[in-house]
Amino acid sequence: MVAIHNGSLAKGDMIELAHTGNEYEILECGLMYPDQQPMQALYAGQVGYIITGMKTVKEAQVGDTIFHRKEKGTPFPGFKKAKPMVFAGLYPIENTEFELLRDAIEKLTLNDASVTVEKKSSAALGLGFRCGFLGLLHMEVFKQRLEQEYNISCIATAPSVLYKVTLNSGEVINIESPSDFPDAGRIQFVEEPIINATIIVPQQYLGHILTLCKEKRGEQTDMSYISEERLILKYRLPLNEVASDFYDELKSLSSGYASFDYEEAGFQVSELVKLDILLNGQPVDALSTIVHEDKAYYMGRELTQRLRKVIPRQLFEVAIQAAIGAKVIARESISAMRKDVIAKCYGGDITRKRKLLEKQKEGKKKMKQVGTVRVPI
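Computed from a predicted structure; not experimentally measured.

K.L.:
Looking at this structure, how should I read the pairing of strand 6 (residues 36–39)?
P.N.:
Direction of pairing for strand 5 (residues 28–32) relative to strand 6: antiparallel, over a ladder of four bridges. Paired with Gly30 across the strands is Pro38, a residue of strand 6. Here strand 5 folds back onto strand 6, and the loop between the two strands holds three residues.

K.L.:
What am I meant to see in the side chain of Ser270 here?
P.N.:
Tracing the backbone through its elements, the reader meets Ser270 in strand 20 (residues 259–270). Relative accessible area serves as the criterion here: at 10%, Ser270 is assigned to the buried category. Apart from the residues lying within four places of it in its own chain, the contact partners of Ser270 are Val190, Glu192, Arg217 and His292.

K.L.:
I tried to follow unusual backbone geometry on my own but got confused; where do I start?
P.N.:
It is generally the case that most residues other than glycine have a negative phi and that most peptide bonds are trans. Pro34 follows Tyr33 through a cis peptide bond whose omega is -10 degrees. Position of Pro34 among the secondary structure elements: in the loop between strand 5 and strand 6. Unusually for a residue other than glycine, Arg217 sits at a positive phi of about 65 degrees. Relative to the assigned elements, Arg217 resides in the loop between helix 3 (206–215) and strand 18 (219–225). One non-glycine residue, Ser255, lies in the positive phi region at around 55 degrees. With respect to the helices, strands and loops of the structure, Ser255 is situated in the loop between helix 5 (246–253) and strand 20.

K.L.:
Would you take a moment to explain the nonpolar core for this structure?
P.N.:
A general tendency of soluble globular proteins is for nonpolar side chains to be buried together. If you look at the biggest cluster of nonpolar residues, it comprises 49 residues, and the most contacted ones within it are Phe142, Leu146, Ile199, Val201, Phe246, Leu250 and Phe260. In terms of residue count, strand 17 (residues 187–202) provides more of this core than any other element does, six residues in total. Ignoring any residue separated from it by four or fewer positions in sequence, one finds Phe260 in contact with Ile195, Ala197, Thr198, Ile199, Val242, Phe246, Tyr247 and Leu250. Core analysis: the second largest hydrophobic core is formed by 15 residues, Ala296, Leu307, Ile311 and Ile320 among them.

K.L.:
When you look at the packing of aromatic side chains in this model, what are you seeing that I'm missing?
P.N.:
One pair of aromatic rings is described through two measures. These are the centre distance and the angle between the planes. All told, the structure shown has six aromatic pairs when counted by the stated rule. Between Tyr297 and Tyr298 the ring centres are 5.5 Å apart and the planes differ by 75 degrees, which places this aromatic pair in the edge-to-face class. You can call Tyr298 exposed: its relative accessible area is 60%. An aromatic cluster of at least three residues, connected via ring pairs, comprises Phe246, Phe260 and Tyr262. Here the guanidinium or amino end of Lys164 rests over the ring plane of Phe267, the centre of that ring lying 4.6 Å away.

K.L.:
Which parts of the structure should I look at to understand the pattern of salt bridges?
P.N.:
Side chains bearing opposite charge may pair, as long as their charged atoms lie close to each other. Counted under the stated rule, the structure contains ten salt bridges. Across the salt bridge formed by Arg217 and Glu241, the nearest N and O atoms sit 3.0 Å from each other. Of the two residues, Arg217 is situated in the loop between helix 3 and strand 18 and Glu241 in helix 4 (residues 239–242); the sequence distance between them amounts to 24 residues. A relative accessible area of 22% means that Arg217 is categorised as partly exposed. Linking Lys274 and Asp276 is a salt bridge whose minimum nitrogen-to-oxygen distance equals 3.6 Å.

K.L.:
Any chance you could explain a positive patch on the surface here in plain terms?
P.N.:
Residues Lys344, Arg352, Lys355 and Lys359 make up a contiguous surface patch of positive charge. For Lys355, a relative accessible area of 65% translates into the label exposed.

K.L.:
Looking at this structure, I do not really get the sheet that holds strand 4 (residues 23–25). What am I missing?
P.N.:
Adjacent strands of a sheet form backbone hydrogen bonds with each other and so pair up, either parallel or antiparallel. Across the sheet, which stays open at both edges, the three strands sit in the order 4-3-9 with antiparallel pairing between neighbours. Both outer strands of the open sheet, strand 4 and strand 9 (66–68), are each paired with one neighbouring strand and no more. Strand-to-strand, the axes of this sheet are offset by a mean angle of 35 degrees, without reference to chain direction. Pairing geometry for strand 3 (residues 14–17) and strand 4, over three bridges, is antiparallel. Looking at strand 4, one finds that Glu16 is bridged to Glu23.

The rules behind these values
- Within every chain, residues take consecutive numbers counted from 1 along the sequence as written.
- Two thresholds apply to this predicted model, a pLDDT of at least 70 for residue-level local features and 80 or more for giving and counting side-chain atom pairs, whereas whole-chain, interface and lining totals are computed over all residues.
- Heavy atoms from the whole structure form the basis of all side-chain values; hydrogens and water molecules are not counted.
- Following DSSP output, two strands are said to pair if at least two bridges run between them.
- Each helix is a run of DSSP H or I of at least 4 residues and each strand a run of E of at least 2, with the numbering of both proceeding from the N terminus.
- Residue exposure (1.4 Å probe, protein chains only): buried if accessible area is under 20% of the type maximum, exposed if over 50%, otherwise partly exposed.
- Any pair of residues with heavy atoms lying within 4.5 Å of one another is described as a contacting pair.
- Buried residues of nine kinds, namely Ala, Val, Leu, Ile, Met, Phe, Trp, Tyr and Cys, make up a nonpolar core once their side-chain atoms join them within 4.5 Å.
- In this scheme Phe, Tyr and Trp rings, the latter by its six-membered ring, pair at centre separations within 6.5 Å, and the angle between planes marks the pair as stacked below 30 degrees, edge-to-face above 60, and tilted otherwise.
- Counted as over-ring charges are cases with an Arg CZ or a Lys NZ within 6 Å of the ring centre that also lie within 35 degrees of the ring normal.
- Salt bridges are identified by distance alone: a Lys or Arg side-chain nitrogen within 4 Å of an Asp or Glu carboxyl oxygen.
- Patch members must show over 30% relative accessible area and no salt bridge, and they are joined within 9 Å when carrying like charges or within 5 Å when they are nonpolar side chains of Val, Leu, Ile, Met, Phe, Trp or Tyr.
- Accessible surface area values rest on a Shrake-Rupley calculation with a 1.4 Å probe, where residue burial reflects the displayed protein chains alone.
- Only four residue types enter the charge count, namely Lys and Arg as positive and Asp and Glu as negative; His and the chain termini do not.
- Each charge is placed at NZ for Lys, CZ for Arg, CG for Asp and CD for Glu.
- Here an angle of 0 to 180 degrees is reported between the N-to-C directions of two axes, which are lines fitted to C-alpha atoms, with helices fitted over the stretch in contact.

Next up, the structure:
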């Protein structure tokens, strides 16, 4: 779809896109009445369509300027390349459905070029994809379309955002996944994305919303009344805090009456650390998160306690730990299922019972070395 501002476009013309630099020949042009109606040419003031030899949807970017190849000018202002803001991993529940998930994602991205897709492998979840979305709603719609249109059941990891990490060497790297986060000793400082949030809320729920924004490390920039009963709040919030459960909590605290909108506002230096979850000393990359240093202890306690409830008991003891680097900040243990090996001893020397218990202890130790722990979905 194109809007002609100056000159004309006709079938057979050679055109060039301002921001990509790609050249194409116009194979057909026309207007919508409401279906496609081919025309010989389109003139200034008309809105119509053109058909070119583009191979993928990603070559046509919304807002780009089209020139005749020999008559280049100044591109129209306001063009912004689609840039993903929220990242999440999509993994099939059954490993045998990986090919079906890949085909479904490829078909969906044909008409949604703003989604970035990268193949990823997780030790806990197997093969999957790391996808980038424009926002939280975009991510939810994409996942629902996978389930409803293609009947694909998949696991979505907790959404994360893009961080900028400046190393001691001066190099700046972009981090999308906690697994790519460098060691703390190599980091000079970390920048996280910030948003300008606008919240409209009834006055009776104001106190709860202010408390929520404060918990999410928000900075209030403005508060004004739009009527006797409603207010507009403007906040600067870290996108990482909004990407998890902020919207659900906002709706819950306001009985569904609060509305929320945001736009990106650059990056800000923050004290961020990588929180690892270890099962029997082995890190599980799918459970790792990047959190603010002040919240790391509480987040670690919450995650370990929650995992303790969902992981079934094994024949050996399972240690669940939350760690920042080499420092363990929280731990929970799941006790082993034990057989009463001394039940058959009816008296006799105590050394006989002790010998059986020691033998059981050695067996448990050996099992812990070779055993694996499965985390329920």
